[in-house]
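# Notes for the structure review
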Amino acid sequence: MSASPRWRRLPPAAFAALVTAWRTVLMVVVLSVGLAACTGPGGSASTNNDAGCAAVLPLARDTVHGQGTLTLIRRINGADADTITREAGVVPPAPPPGPRPPKPPPPNPVDGPPLPKTCLVVYQGAYPPGAITGASAPATAGHYALVVLRVRHPSIDRILITNTLPADTTPRPWWQRIF
């Protein structure tokens, strides 16, 4: 009698069923590990800071009247918005007068990363003068529409039309956004 493993002595139909069962188990394990890695506290789906800007994309699209190609979405802060505004040749708006209200306590870290306060959405296209109402002077025509939006209570902060992107708004490859 041969000392071969038991699975080699199976009929072909039973062997095929066994292989199929093992493939199914392997696929379930691989998918479970992959989903857990993407959705966990350190996974890519929850650490992508630009994902919080998705809530204002419809407002940005409506602002440019659906014209152009979405080129860039980036989470920015107030200082970044002012820098981008200056680089576009526009004087940033002055902060509101008076004392600022106290900041609320930071959210519980278990809830996930905090929502961004401000997002920059860039569309590339042909924007002649008057194509986008509310665009800041001096450039009211150009190839890029830079829309700075507030996220928590979705609203437009400022709209800039330029022919060149400011230095910090050039699109980055995906590997630079993750790490």
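The shown structure was predicted, so the numbers you read here are calculated from the model rather than taken from an experiment.

Scoring rules and cut-offs
Residues numbered from 1 in each chain as written. Predicted model: local features only at pLDDT ≥ 70, side-chain atom pairs only at ≥ 80, totals over all residues. Heavy atoms only, no water. Helix = DSSP H or I, 4+ residues; strand = E, 2+ residues; numbered from the N terminus. Buried < 20%, exposed > 50% of the residue type's maximum accessible area, 1.4 Å probe, protein only. Contact = heavy atoms within 4.5 Å. Areas by Shrake-Rupley, 256 points an atom, 1.4 Å probe, with all protein chains shown as cover. Disulfide = S-S within 2.5 Å. pLDDT = per-residue confidence, 0-100. Salt bridge = Lys/Arg side-chain N within 4 Å of Asp/Glu carboxyl O. Pairing = 2+ DSSP bridges. Arc of directions from axis to C-beta. Polar contact = N/O pair within 3.5 Å; in protein donor to acceptor, adjacent residues only side chain to side chain.

### Some points on the overall build of the protein
Scanning the protein from terminus to terminus reveals five helices and four strands. The linear arrangement of helices and strands in the protein, starting from the amino end, is α-α-α-β-α-β-β-β-α. Looking at the 179 residues of the protein, the share that counts as buried comes to 25%. Relative to all contacts within the protein whose residues are 6 or more apart in sequence, the contacts with residues 24 or more apart total 62%. Surface exposure of the protein reaches about 12,100 Å², of which carbon and sulfur atoms provide 65%.

### Regarding the state of the cysteines
Scanning the entire structure with this criterion turns up one disulfide. Paired by a disulfide, cysteine 53 and cysteine 119 hold their sulfur atoms 1.9 Å apart. With the S-S bond torsion at -80°, the cross-link from cysteine 53 to cysteine 119 turns out left-handed. Of this pair, cysteine 53 sits in the loop between α2 (44–47) and α3 (57–63) while cysteine 119 sits in strand β2 (residues 118–127), and the two are 66 residues apart along the sequence.

### What to know about the confidence of the model for the protein
Per-residue confidence for the protein averages 77 on the pLDDT scale, and 73% of its residues sit at or above 70. Within the protein, α3 carries the highest mean pLDDT (93), whereas α2 carries the lowest (37). This model gives residues 40–48 a pLDDT under 50, and the stretch forms 11 contacts once residues within four places in sequence are excluded.

### Some points on the pattern of salt bridges
A full pass over the atoms with the stated rule returns four salt bridges. For aspartate 62, the salt bridge is made with arginine 61, and the minimal N-O distance between the two is 3.9 Å. The partner of aspartate 157 in a salt bridge is arginine 158, with the nearest N and O atoms 3.0 Å apart. Using a relative accessible area of 10% as the deciding quantity, one classes arginine 158 as buried. By sharing partners, the salt bridges in this structure join Asp82, Arg150, Asp157 and Arg158 into a single network.

### So, the pairing of strand β3 (residues 142–150)
Across the nine residues of β3, seven count as buried, placing the element largely inside the fold. Two elements, β2 and β3, share eight bridges in a ladder whose sense is antiparallel. Residue pairing for β3: tyrosine 127 is matched across the bridge by glycine 142. Hairpin geometry of β3 and strand β4 (residues 155–162) is characterised by an intervening segment of four residues between the two adjacent antiparallel strands.

### Quick word on helix α4 (residues 78–87)
All of the buried residues in α4 are Ala81, Ile84 and Thr85. For α4, the angular spread of the buried residues around the axis is 100°, confining them to a single face. On its buried face, α4 is in contact with β1 (69–76), β2, β3 and β4. The N-capping residue of α4, defined by a side-chain oxygen 3.1 Å from the backbone nitrogen of alanine 79, is asparagine 77. Downstream of α4 by one or two residues, glycine 89 has phi in the positive range, about 85°.

### A short note on the side chain of arginine 158
Its location among the elements puts arginine 158 in strand β4. Among the polar contacts made by the side chain of arginine 158, one reaches the side chain of threonine 85 at a distance of 2.8 Å. With residues up to four places along the chain from it excluded, the contact list for arginine 158 reads Ala81, Asp82, Thr85, Pro92, Pro93, Leu146, Val147 and Val148.

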